[in-house]
Amino acid sequence: MNSEKPVASTSSVVEESLIVYPCAFPIKVMGAKVDGFVHAITAVAHEFDPAFDAKTLELRESKGGNYLGITITITATSREQLDELYRTLSTHPMVKMVL
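Just so you know, these numbers come straight off a predicted model, no measurement behind them.

**Student:** How do you make sense of the packing of helix H1 (residues 37-48) against helix H2 (residues 79-90) when you look at a structure like this?
**Tutor:** The description of two helices packed together rests on the angle between their axes and the distance between the axes. Taken N-terminus to C-terminus, the directions of H1 and H2 make an angle of 160°; their axes are 11 Å apart at the nearest point. Compared by their axis directions, H1 and H2 come out roughly antiparallel. Of the two elements, H1 crosses H2, and the hand of that crossing is right-handed. Every residue of H2 that contacts H1 at Ile41, Val44 and Phe48 is listed here: Gln81, Glu84, Leu85, Thr88 and Leu89. A per-class count over the contact of H1 with H2 returns five nonpolar, two polar and one charged.

And the structure:
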């Protein structure tokens, strides 16, 4: 009787994306409604999409007026770009949440 365990395949698994690149990709960013928040998020958007148009920003204030939701729509060119953009936004000191 052979007691050896089968060895897992070392072939790489290619993940298929449901997103077709390039495409317009909206991202919602939430943070406290403070001076400089919109500018900071716009600067990050420009860093990842030099053609980003700040006129496409959508702003929504919370009911109490203490928080601001910003929707940026960037031209996504790869999964790596989106992953890094989410990491950058999520770790920004002015950002509370990224969706």
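Still more ground to cover, so stick around.
**Student:** What should I look at first to understand the confidence of the model for the protein chain in this one?
**Tutor:** Regions with low pLDDT should not have their predicted coordinates read in detail. Predicted confidence across the protein chain gives a mean pLDDT of 90, with 85% of residues reaching 70 or more. For the stretch residues 6-14, pLDDT sits under 50, and the model shows zero contacts to residues farther than four places along the chain or on other chains.

**Student:** Would you take a moment to explain the pairing of strand E2 (residues 58-61) for this structure?
**Tutor:** Consecutive residues of a regular strand have side chains that alternate between opposite faces of the sheet. Taken together, the four bridges between E2 and strand E3 (residues 67-76) define a ladder with antiparallel strand orientation. Bridging across to E3, Leu59 finds its partner in Ile70.

What counts as what
- Per chain, residues are indexed from 1 in the order of the written sequence.
- At least 70 in pLDDT is required for a residue's local features to be given in this predicted model, at least 80 for side-chain atom pairs to be given and counted, and no such filter applies to totals for whole chains, interfaces and linings, which use all residues.
- Only heavy atoms go into the side-chain values, all of them from the structure, while hydrogens and water stay out.
- For helices, the axis comes from a line fit to the C-alpha atoms of the stretch in contact; other axes are also lines fit to C-alpha atoms, and the angle between any two N-to-C directions lies between 0 and 180 degrees.
- A run of H or I in DSSP becomes a helix once it reaches four residues, and a run of E becomes a strand once it reaches two; helices and strands are each numbered from the N terminus.
- Throughout, the term roughly parallel applies to angles under 35 degrees, roughly antiparallel to angles over 145, roughly perpendicular to angles from 65 to 115, and oblique to all others.
- Take the far helix as the reference: if the near one is turned anticlockwise from it by less than a right angle, the crossing is left-handed, and if turned clockwise, right-handed.
- Contact between two residues is taken to exist if any of their heavy atoms lie within 4.5 Å; hydrogens are not considered.
- The nonpolar class holds Ala, Val, Leu, Ile, Met, Phe, Trp, Tyr, Cys and Pro. Asp, Glu, Lys and Arg form the charged class, and all remaining residues, Gly among them, are polar.
- Confidence of the predictor at the level of single residues is captured by pLDDT, which takes values from 0 to 100.
- By this definition, two strands are paired if DSSP reports at least two bridges between them.

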